[in-house]
Amino acid sequence: MTVADRRRQAQRVLFLALGVNVALTVIKAVVGVLSQSLSLQADALHSLTDAGSSILGLVAMQWANPHPDRDHPYGHQKFEALGAVGIAAFLGMVCFEILQSAVERLLHQTHTVTITGAELWIVILVLGINIGLTLYEHHMGHRLKNSVLIADAKHTLSDVWTTVIVLLGLIGVWTFNWDWLDVVLAFPVAALVFWSAWEVLKGNIPWLVDAVAIAPEAIHELVMTVPGVVNCHDISSRGMVGRQVFIEMHLIVEAEDIPTAHDITEQIEALLQERYGPARIVIHVEPPDYQSSQISVS
């Protein structure tokens with residue numbers, strides 16, 4: 001499957017997620033208003049940001065063309081990471097809104113939660129749909145090696161846990177008339193949302209700041225197995241393994257002519273791409289007296 005095919009499939013998954021999240025937002029908002037449940041209204045807000053993150057993911061992937069051009073000679077795939085960071089920002093906004101609403105409700109308790117059995121069954125149905133969407137996005141994200149889909153799946157997973165907590169609170173209200181439980185459970189909901197945001201950031205910031213993608217020692221060990229390689233040093237890498245990495249190195253080979261040296265570098269490139277997936281590799285061949293024991297650039 002080509003990179004373009006993976007992108008098209010990922011876009012279709014995001015369109016599906018967008019439609020589902022819009023529907024769930026409306027359902028949660030209606031039930032939340034009817035029951036006057038703060039936690040369910042907050043959950044509806046979370047689902048709204050799920051829809052927003054799906055839109056953001058679609059926009060990001062539209063820009064994340066893997067092919068280089070004159071203005072972006074290294075391709076456009078960092079737009080996907082930017083989209084994932086934008087999703088994390090959405091999650092942070094949700095966390096703040098939930099906490100703010102919960103504190104205001106605790107200080108000024110003016111509403112009584114009234115939930116019916118039918119409304120509880122609707123929330124249970126919503127939970128089941130959320131779980132199915134999360135599993136599907138997670139599966140397709142890893143299958144297509146798409147960071148936006150994986151980030152969106154994390155966002156949807158946080159919505160699953162949010163709905164679980166909300167459901168437990170509503171059951172408490174319905175069974176024991178514990179109105180305070182609806183407000184108290186808003187705080188762990190906020191904690192789950194914050195954790196999801198952190199996970200998304202942790203997975204994408206290294207790509208944006210060009211953190212090392214592959215340990216130089218691992219590249220050195222692999223390159224030195226190629227016949228004809230005498231020395232390999234000043235190795236650097238960036239990108240994301242499995243999606244696209246950029247590798248640079250200085251190399252000394254045992255060759256009498258340029259075609260032989262070229263054949264050796266071709267073998268190295270093929271070996272690295274087989275091990276680490278799509279890669280753009282720059283190899284600087286040097287004369288024998290340039291040997292160095294410095295594997296990394298530092």
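This structure is a prediction, so every number in the text was calculated from the model and none was measured.

This part covers helix 7 (residues 186-208). Here helix 7 spans 33 Å end to end across 23 residues, near enough to the 33 Å set by a 1.5 Å rise per residue. Along its length, helix 7 shows its largest kink, about 25°, at Lys202, and proline Pro206 lies within four residues downstream of that point. Every buried residue of helix 7 is accounted for by Ala186, Val189, Ala190, Val193, Ser196, Ala197, Glu199, Val200, Asn204 and Trp207. Two residues or fewer after helix 7 comes Asp210, characterised by a positive phi angle close to 60°.

Where helix 8 (residues 216-223) meets helix 9 (residues 258-276), the axes come as close as 10 Å, and the angle between the chain directions of the two elements is 130°. Classified by the angle between their axes, helix 8 and helix 9 sit oblique to one another. As helix 8 packs across helix 9, the resulting crossing turns out to be right-handed. In this structure, helix 8 uses Ala218, Ile219, Leu222 and Val223 to contact helix 9, whose residues at the interface are Ile268, Leu271, Leu272, Arg275 and Tyr276. Considered class by class, the residues forming the contact of helix 8 with helix 9 number eight nonpolar, no polar and one charged.

Once that is clear, we can look at helix 4 (residues 117-144). Helix length check: helix 4 (28 residues) gives 41 Å between terminal C-alpha atoms against 40 Å at 1.5 Å per residue, within 8%. Of the residues making up helix 4, those classed as buried are Glu119, Leu120, Val123, Val126, Leu127, Asn130, Leu133, Thr134, Glu137, Met140, Gly141 and Leu144. Trailing helix 4 by a residue or two, Lys145 shows a phi angle of about 55°, which is positive.

Bringing unusual backbone geometry into the picture now. In this structure, Asn177 is a non-glycine residue whose phi angle is positive, near 60°. Tracing the backbone shows Asn177 in the loop between helix 5 (147-176) and helix 6 (179-184). You can call Asn177 exposed: its relative accessible area is 63%. Of note, Asp210 is a non-glycine position whose phi angle comes to about 60°, a positive value. Here Asp210 shows up in the loop between helix 7 and helix 8. Under the relative-accessibility criterion, Asp210 is labelled partly exposed at 36%.

The rules behind these values
Residues numbered from 1 in each chain as written. Predicted model: local features only at pLDDT ≥ 70, side-chain atom pairs only at ≥ 80, totals over all residues. Heavy atoms only, no water. Helix = DSSP H or I, 4+ residues; strand = E, 2+ residues; numbered from the N terminus. Expected span 1.5 Å × (residues − 1). Bend = angle between axes of the 7 residues up to and from the residue. Buried < 20%, exposed > 50% of the residue type's maximum accessible area, 1.4 Å probe, protein only. Axes fitted to C-alpha atoms, helices over the stretch in contact; angles between N-to-C directions. Parallel < 35°, antiparallel > 145°, perpendicular 65-115°, else oblique. Left-handed = near helix turned anticlockwise from the far one by under 90°. Contact = heavy atoms within 4.5 Å. Nonpolar A, V, L, I, M, F, W, Y, C, P; charged D, E, K, R; others polar.

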